[in-house]
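Architecture at a glance
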Amino acid sequence: MDLSSILLPSAVKVVSTVTSKKRLFQDLGDIVMECYGINGGDAFAALQQRETLGPTGVGRGVALPHARLPGLDKVVGCFIRVEQPFDFSAVDKQPVDLVFALFAPEGSGVDHLKALALVSRTMRDASICTKLRANTDSTTLHALLTDSLSNKAA
């Protein structure tokens, strides 16, 4: 599994500001609806529900919201770079500006965990995060995320 198999170029966005976690989840729902045909309201609700289990703001400005949805046949993702970091209630209390969301089939086990591990490993790489923060072009961001050197099989 590599990020290019779960992240479409069109699912990578740059937004200037996000006012709240709720607004971010709405934006993510819009992106997955547009890119993958997933019901945006269902995606929003699933992200909200997952967040009640514990924060997905993992620290150092990164959030990895994720949820399982009925009707999916594979894991899909979307990425948002926020130009103005915002409060996400992350574990380190730092504002978030890099968000990689994953949506997995309801019954997926190993594939969801592999994808989450791959995304987590990628987003823990300080040099990748620095490059992501230095770019505002979605095509460049997609290339940085899906670069095979940073994407070793999970």
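First, a word on scope: everything that follows refers to the structure included in this document. (Residues numbered from 1 in each chain as written. Predicted model: local features only at pLDDT ≥ 70, side-chain atom pairs only at ≥ 80, totals over all residues. Heavy atoms only, no water.)

Details of the environment of Tyr 36
Topologically, Tyr 36 is positioned in helix H1 (residues 21-36). Residues Tyr 36 and Ser 10, spaced 26 residues apart in sequence, show a C-alpha to C-alpha distance of 9.8 Å. Discounting chain neighbours no more than four positions away, the residues touching Tyr 36 are Ile 6, Leu 7, Leu 8, Ala 11, Ile 31, Val 76 and Gly 77. (Helix = DSSP H or I, 4+ residues; strand = E, 2+ residues; numbered from the N terminus. Contact = heavy atoms within 4.5 Å.)

Some points on the environment of Lys 114
In this structure, Lys 114 sits in helix H3 (residues 110-124). The partly exposed category is assigned to Lys 114, whose relative accessible area is 33%. (Buried < 20%, exposed > 50% of the residue type's maximum accessible area, 1.4 Å probe, protein only.)

Details of H1
Spanning 16 residues, H1 covers 22 Å between terminal C-alpha atoms, matching the ideal 22 Å at 1.5 Å per step. Residues of H1 that are buried: Lys 21, Leu 24, Phe 25, Asp 27, Leu 28, Gly 29, Ile 31, Val 32 and Cys 35. (Expected span 1.5 Å × (residues − 1).)

Re the pairing of strand S6 (residues 96-105)
Counting buried residues along S6, ten of its ten residues qualify, which places the element largely inside the surrounding structure. In this sheet, S6 lies alongside strand S3 (residues 62-63) in parallel orientation, the contact comprising two bridges. Bridge assignment links Ala 63 to a residue of S6, and that residue is Val 99. As paired elements, strand S4 (residues 66-69) and S6 share four bridges and run parallel to each other. If you follow Leu 69 over to S6, its bridge partner there is Pro 105. Relative to S6, strand S5 (residues 76-86) is paired through seven bridges, and the arrangement is antiparallel. For Phe 79, the partnering residue across the bridge sits in S6 and is Phe 100. (Pairing = 2+ DSSP bridges.)

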